[in-house]
Amino acid sequence: MSFAAPDDHESVRARLSARRADTCARIEALERDFDAIVEANSLVAVDDEHDPDGSSTAFERAHVASLLAQARDQLLGLDQALERLEHGDYGRCEVCGRAIPPERLEVRPAARTCVHCAATRPR
């Protein structure tokens, strides 16, 4: 049973695809930032103990790596949401099977659970 009405199906696909394109662009930008940090760091002497910028460079590299991992996770979630849309399962809670409120899907288009199940699910 499909939870997206046929006329809404295309608008949902367009919204997911747009978010996916934005996420891909963000990943590319973060990859360039990460590569630039690594390259800049390779041009200086590596002596974190005596380099006053060593710890901030390491923090910046870790921060960008974390943002990159989050963006890749978001891309995976969007790809999975597009698959669920194709199979007619988009908008259905994977835990209880009820419809996920449209407001939740607007904010979190890759949501797999309704608000109730997300709040009660063990982490």
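Residues numbered from 1 in each chain as written. Predicted model: local features only at pLDDT ≥ 70, side-chain atom pairs only at ≥ 80, totals over all residues. Heavy atoms only, no water.

Colleague: It is not clear to me how the overall build of the chain should be interpreted in this structure. Could you clarify?
Modeller: In terms of helices and strands, the chain carries four helices and zero strands. In the chain, the succession of helices and strands from N to C terminus is α-α-α-α. Evaluated residue by residue, the chain yields a buried proportion of 27% over its 123 residues. Looking at the chain alone, contacts between residues at least 24 apart form 64% of all its contacts between residues at least 6 apart. (Helix = DSSP H or I, 4+ residues; strand = E, 2+ residues; numbered from the N terminus. Buried < 20%, exposed > 50% of the residue type's maximum accessible area, 1.4 Å probe, protein only. Contact = heavy atoms within 4.5 Å.)

Colleague: Mind showing me how you'd approach the pattern of salt bridges here?
Modeller: Pairing of side chains with opposite charge becomes possible as their charged atoms draw close. This model, assessed by the stated rule, comprises seven salt bridges. Between Arg92 and Asp89 there is a salt bridge, with the nearest N and O atoms lying 3.5 Å from each other. When salt bridges with common partners are traced through the structure, they connect Glu10, Arg13 and Glu86 into a single cluster. (Salt bridge = Lys/Arg side-chain N within 4 Å of Asp/Glu carboxyl O.)

Colleague: Help me understand the nonpolar core in this model?
Modeller: Formed by 13 residues in total, the largest nonpolar core has its most connected members in Val12, Leu16, Leu85, Tyr90, Cys93 and Leu105. When residues of this core are traced back to their parent elements, those giving at least two are α1 (6-42) and α2 (54-87). Counting residues per element, this core draws most heavily on α2, which supplies four residues. For Cys93, the residues in contact, after removing those within four places along its chain, are Arg98, Ile100, Arg112, Thr113, Cys114 and Cys117. In this structure, Ile27, Leu30, Val64 and Ala71 belong to the second largest nonpolar core, which totals seven residues. (Core = buried A, V, L, I, M, F, W, Y, C linked by side-chain atoms within 4.5 Å.)

Colleague: How do you make sense of the confidence of the model for the chain when you look at a structure like this?
Modeller: Low pLDDT means the predicted coordinates in that region are not meant to be read closely. With 85% of its residues at a pLDDT of 70 or more, the chain shows a mean pLDDT of 87. No element of the chain has a lower mean pLDDT than α1, which averages 91, and none a higher one than α2, which averages 93. (pLDDT = per-residue confidence, 0-100.)

Colleague: How should I be thinking about the state of the cysteines in this particular structure?
Modeller: Joining two cysteines, a disulfide is a covalent bond between their sulfur atoms. If you walk through the whole model with that rule in mind, you get zero disulfides. For the unlinked cysteine Cys93, the closest cysteine sulfur is that of Cys96, found at 3.6 Å. (Disulfide = S-S within 2.5 Å.)

Colleague: Whenever I open this one, the environment of Arg112 confuses me. Can you help?
Modeller: Checked against the element boundaries, Arg112 lands in the loop between α3 (102-107) and α4 (115-120). Here Arg112 is in contact with Gln80, Arg84, Arg92, Cys93, Glu94 and Ile100, once residues within four sequence places are set aside. Side chain to side chain, Arg112 and Glu94 meet in a polar contact 2.8 Å long. (Polar contact = N/O pair within 3.5 Å; in protein donor to acceptor, adjacent residues only side chain to side chain.)

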